[in-house]
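Given next are the chains, with one letter for each unit.
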Amino acid sequence: MENIIETFIYIHAIFGGLGLITGIASILVKKGQRNHRRLGKWFSWSMIISSAISLVVARMPNHNNTFLFLIGIFTIYMVLAGNSALTFKTTKKKKANKIDLTVSITMIVSALLMIGFGINGLVHGYSQSILFLFFGLFGLFMPYGDFKLYKTSLRNRKLWLINHLSRMLGALIASITAFIVAGMHQDTLWAWITPSVLGTAYIIYWVKKTKGKKKLKSA
């Protein structure tokens, strides 16, 4: 069993590394062009496969880790929600479908669980439980943006791009965090939190830049 788990971990690491490389590359190339879309697809599939494997490993004997399991769901959510936002680029899509709603609601449930585990852990004196609370609050905020997109996308054509950028950059932040924590063996509170804080500042910069554009071309 342990050999199988070890194999899963190696595959998880390989796809995680591929996600990190393609994610950074997709930022460097011109947005909206073929290379950006191609790299985006590689990034999306790499992160989904890597995170899906982490869900399995986090429930295996001697590797059971509720925090990493919920972080895996968080990462998959960001990739799926980021790609879902692209479907609102065209005015042909007038409302969210069942898949869109399921993805957002799953994140809400996972975020509430993280917040609950975080509060319970802190009450019992487990300082690392602050990570549950930190990521839970982040995870609860993002679906709010989803439902705002679902409700007002036809009136505000910039929302799809804002959601796409913030979710995909969020997934890249998760990849960078995983590299620091697992790849560089820096499993500390600051190693978990710092990439998210800096990455959020970068996301806010891009959101403000997008909102500042006078006209956003839609398909």
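Everything discussed here concerns the structure shown above.
All values derive from a computational prediction rather than experimental measurement.

Conventions adopted
Residues numbered from 1 in each chain as written. Predicted model: local features only at pLDDT ≥ 70, side-chain atom pairs only at ≥ 80, totals over all residues. Heavy atoms only, no water. Helix = DSSP H or I, 4+ residues; strand = E, 2+ residues; numbered from the N terminus. Rg over C-alpha atoms; globule rule 2.2 N^0.38 Å. Contact = heavy atoms within 4.5 Å. Lys, Arg positive; Asp, Glu negative; His and termini not counted. Charge placed at Lys NZ, Arg CZ, Asp CG, Glu CD. Core = buried A, V, L, I, M, F, W, Y, C linked by side-chain atoms within 4.5 Å. Buried < 20%, exposed > 50% of the residue type's maximum accessible area, 1.4 Å probe, protein only. Axes fitted to C-alpha atoms, helices over the stretch in contact; angles between N-to-C directions. Parallel < 35°, antiparallel > 145°, perpendicular 65-115°, else oblique. Left-handed = near helix turned anticlockwise from the far one by under 90°. Nonpolar A, V, L, I, M, F, W, Y, C, P; charged D, E, K, R; others polar. 1 Å grid on protein atoms, 1.4 Å probe; cavity = no way out; pocket = protein on both sides within 12 Å on 5 of 7 lines; lining within 4 Å. Points joined across faces, edges and corners; volume = space filled by probe spheres on them. Salt bridge = Lys/Arg side-chain N within 4 Å of Asp/Glu carboxyl O. Phe/Tyr/Trp six-rings, centres within 6.5 Å; stacked < 30°, edge-to-face > 60°. Lys NZ or Arg CZ within 6 Å of the ring centre and 35° of its normal.

Asks: For this particular structure, what's the right way to read the overall build of the protein?
Replies: Per the secondary structure count, the protein includes seven helices and zero strands. Overall, the protein shows an N-to-C arrangement of helices and strands of α-α-α-α-α-α-α. For 219 residues, the compact-globule estimate of 2.2 N^0.38 gives 17 Å, and the protein sits close to it at 18 Å. Principal-axis analysis of the C-alpha atoms gives the protein an extent of 50 × 40 × 30 Å. Sequence-distant contacts, at least 24 apart, represent 71% of the contacts inside the protein between residues at least 6 apart. Distance between charge centroids for the protein: 27 Å, based on 26 positive and 5 negative side chains.

Asks: I would appreciate a short explanation of the nonpolar core in the present structure.
Replies: Across soluble globular proteins, nonpolar side chains show a tendency to be buried alongside one another. Ranked by internal contacts, the top residues of the largest apolar core, which has 31 residues, are Phe 67, Phe 74, Tyr 77, Met 78, Met 114 and Phe 135. Only α2 (34-57), α3 (66-86), α4 (98-123), α5 (130-152), α6 (159-183) and α7 (189-211) provide two or more residues apiece to this core. In terms of nonpolar packing, the next biggest core, distinct from the first, is built from 15 residues, Ala 96, Trp 160, Leu 161 and Leu 169 among them.

Asks: Help me out: how do you make sense of the packing of α5 against α7 in this one?
Replies: For any two helices packed against each other, one specifies the crossing angle of their axes together with the interaxial distance. With their axes 10 Å apart at the nearest point, α5 and α7 run at an angle of 20° to one another. It follows that α5 is roughly parallel to α7 by the angle criterion. In this structure, the crossing between α5 and α7 has a hand that is left-handed. Within the contact between the two elements, α5 uses Ile 130, Leu 131, Phe 134, Phe 135 and Phe 138 and α7 uses Leu 189, Trp 192, Ile 193, Ser 196, Val 197 and Thr 200. Taken together, the residues of the contact of α5 with α7 sort by class into nine nonpolar, two polar and no charged.

Asks: Mind showing me how you'd approach empty space enclosed by the protein here?
Replies: Rolled over the atoms, a probe as big as a water molecule pinpoints where empty space is left. Considering all chains together, one arrives at one cavity of 30 Å³ or more under this definition. As a volume, the largest cavity reaches approximately 30 Å³. In this structure, the largest cavity is lined by Ala 81, Ser 84, Ala 85, Asp 146, Leu 149, Tyr 150 and Asn 163. Elements supplying a minimum of two residues to the lining of the largest cavity: α3 and α5. Partitioning the lining of the largest cavity into residue classes produces four nonpolar, two polar and one charged.

Asks: Would you mind going over the pattern of salt bridges with me for this structure?
Replies: Pairing is possible between side chains of opposite charge, provided their charged atoms come close. Considering all chains together, one arrives at two salt bridges under this definition. Close ionic contact of Asp 100 with Lys 93 constitutes a salt bridge, the shortest N to O distance being 2.8 Å. Per residue, the accessibility class of Asp 100 equals that of Lys 93, and both read buried. Taking the shortest distance from any N to any O, the salt bridge between Arg 167 and Asp 146 comes out at 3.0 Å. Residue Arg 167 is located in helix α6, and its partner Asp 146 is located in helix α5; the two are separated by 21 residues in the primary sequence.

Asks: I keep staring at the packing of aromatic side chains and nothing clicks. Help me out?
Replies: Here a ring pair, both rings aromatic, is described through the centre-centre distance and the interplanar angle of the planes. Under the criterion given, the structure shown has 14 aromatic pairs. Ring centres 5.7 Å apart and planes at 50° place the aromatic pair Phe 117 and Phe 132 in the tilted group. With Phe 117 in helix α4 and Phe 132 in helix α5, the pair connects residues that are 15 residues apart, well separated along the chain. Exposure remark for Phe 132: the relative accessible area of 14% places this residue in the buried category. Ring pairing ties together the aromatic residues Phe 67, Phe 74, Phe 117, Phe 132, Phe 134, Phe 135, Phe 138 and Trp 192, which thus form one cluster. One residue, Arg 59, lies across the ring of Phe 69, its end atom 4.9 Å from the ring centre.

Asks: Looking at this structure, how should I read the environment of Ile 24?
Replies: Summarising the element assignment, Ile 24 is placed in helix α1 (residues 2-28). Judged by its relative accessible area of 39%, Ile 24 falls in the partly exposed class. As for Ile 24 and Leu 172, which are separated by 148 residues in sequence, their C-alpha atoms are 7.6 Å apart.

Asks: For this particular structure, what's the right way to read the side chain of Ser 46?
Replies: Within the secondary structure, Ser 46 sits in helix α2. Among residues more than four places away in sequence, those in contact with Ser 46 are Phe 15, Leu 18 and Gly 19.

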